[in-house]
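In case you want the letters, here they are:
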Amino acid sequence: MNTLMIYGAAGYTGGMAAEHAASPGLNLVLAGREQDRAALKALAGRLGAGVRSFSVEDADAIATGLAGVSVLLNAAGPFAHTAEPLMSAAIRGEVHYLDFSAELDTYREALALDGPARAVGVMLLPGSGGSVAMLGSLAGHAVARVKNPRKISIALDVAGSMSRGSVISASQNLVTETLHLVDGELVTRSPEDLRDFDFGSGPQSSFPVTLPDLVTIHQATGVPDIETFVHVTAGSFPTADIKNMPTGPSFEEREASRYHAAVEVTDMGGTVVRSVLDTVNGYTFTAMAAAEAARRVLCGEVRPGFQTPAGLFGNGFAETIADTRIMNLEETTC
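Everything numeric here is computed off the predicted structure, so don't read it as measured data.

**Student:** Help me understand helix 2 (residues 37–47), please; the structure alone is not making it clear to me.
**Tutor:** Because an α-helix completes one turn every 3.6 residues, residues spaced three or four positions apart along the sequence face the same direction. Three or more residues of helix 2 are buried, namely Leu 40, Leu 43 and Ala 44. For helix 2, the arc enclosing every buried residue in end-on projection is 100°, short of the 170-degree limit, so these residues lie on one face. Looking at helix 2, the residues exposed on the side facing more than 90 degrees away from the buried face are Ala 38, Lys 41, Ala 42, Gly 45 and Arg 46. On the buried face of helix 2, the contacting elements are helix 1 (12–21), strand 2 (27–32) and strand 3 (50–53). Two residues or fewer after helix 2 comes Gly 48, characterised by a positive phi angle close to 70°.

So this is what it looks like as structure tokens:
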């Protein structure tokens, strides 16, 4: 029987992903650090799952922990600490790897491991949930509307409060420069280059950020120039100490805070097409999308090496999650 392991299932989003992944007939294993074993056992008892505990700092322990596992979903951030050792172990153990990292270095590591993964038929699918699945589908949808796409400008509208894990990951993100993609290369840009995007209710000032979508959208579409932006609703960034934060937003808070995204694709002739995406709260989307991606991989939707959700599952992947919708706006010419 195929076995799915969720490492980091004691965390906020990992726990939600486990809830969505649990289904009759699925051999589900919840894993994490030894200090999280009690929480893992409680969740596993409810979901009818197995439990394993091991540290990502011990390669032998990881290898033992992955024994008999077909697909690994890494939900343990900061991914700067967990992605590379788990990807490397997954390749050695011939286990397909997924995560929902929002950290650019995770994708650089996956690219570096592309060759070894292909050699043994292992897939590396970072970004199976979160902005990478969301924005990748939106960008791919819009790119398909033009013949010769030259540039993609894409923005995420972040609403609602952040989880404690997201704040910790953001604070430890190793990429401090603001980057964009120019002629297929990551180069620095000014963080002051603000611009407006209309997510469906009028222009919103958005600031440039270094998102992993610079790598994944290029990987999936081949478009050479890509820039990524974020608009943050007031109150989304915490002001309290991390240790005093709740684990994450409540169900009611997530229901009240939908996410949106907007994209502009410019073709070689100067035609600009715009599309917008409307979806559930980002944490809800991430958990659901990652669980769905893992299910599809378990069912055989696999391509060896470094892959992206939109590239593997198609541009419609995001619209299979909850009530996500992508809508086209009118074309314009520069």
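Following the structure, the description resumes.
**Student:** Quick question: what am I supposed to make of the nonpolar core here?
**Tutor:** When a protein is soluble and globular, its nonpolar side chains tend to lie buried together. Among the nonpolar cores identified, the biggest contains 96 residues, and Leu 4, Ile 6, Leu 30, Leu 124 and Ile 152 are the most heavily contacted of them. The element contributing the most residues to this core is helix 11 (residues 282–298), with ten residues. Look past the residues within four positions of Leu 124 in its chain and what remains in contact with it is Met 87, Ile 91, Tyr 97, Ala 110, Leu 113, Ala 117, Gly 305, Phe 306 and Gln 307.

**Student:** Help me out: how do you make sense of the environment of Val 265 in this one?
**Tutor:** Position of Val 265 relative to the elements: it lies in strand 13 (residues 259–267). A residue is classified by how much of its surface remains accessible, and Val 265, at 0% relative accessible area, is buried. As a C-alpha pair, Val 265 and Ile 217 span 48 residues in sequence and 12 Å in three-dimensional space. Beyond its immediate stretch of four places on either side in the chain, Val 265 contacts Ala 142, Val 143, Val 146, Pro 149, Lys 151, Ile 152, Thr 271, Val 272 and Val 273.

Rules used throughout
- Residues numbered from 1 in each chain as written.
- Predicted model: local features only at pLDDT ≥ 70, side-chain atom pairs only at ≥ 80, totals over all residues.
- Heavy atoms only, no water.
- Buried < 20%, exposed > 50% of the residue type's maximum accessible area, 1.4 Å probe, protein only.
- Helix = DSSP H or I, 4+ residues; strand = E, 2+ residues; numbered from the N terminus.
- Arc of directions from axis to C-beta.
- Contact = heavy atoms within 4.5 Å.
- Core = buried A, V, L, I, M, F, W, Y, C linked by side-chain atoms within 4.5 Å.

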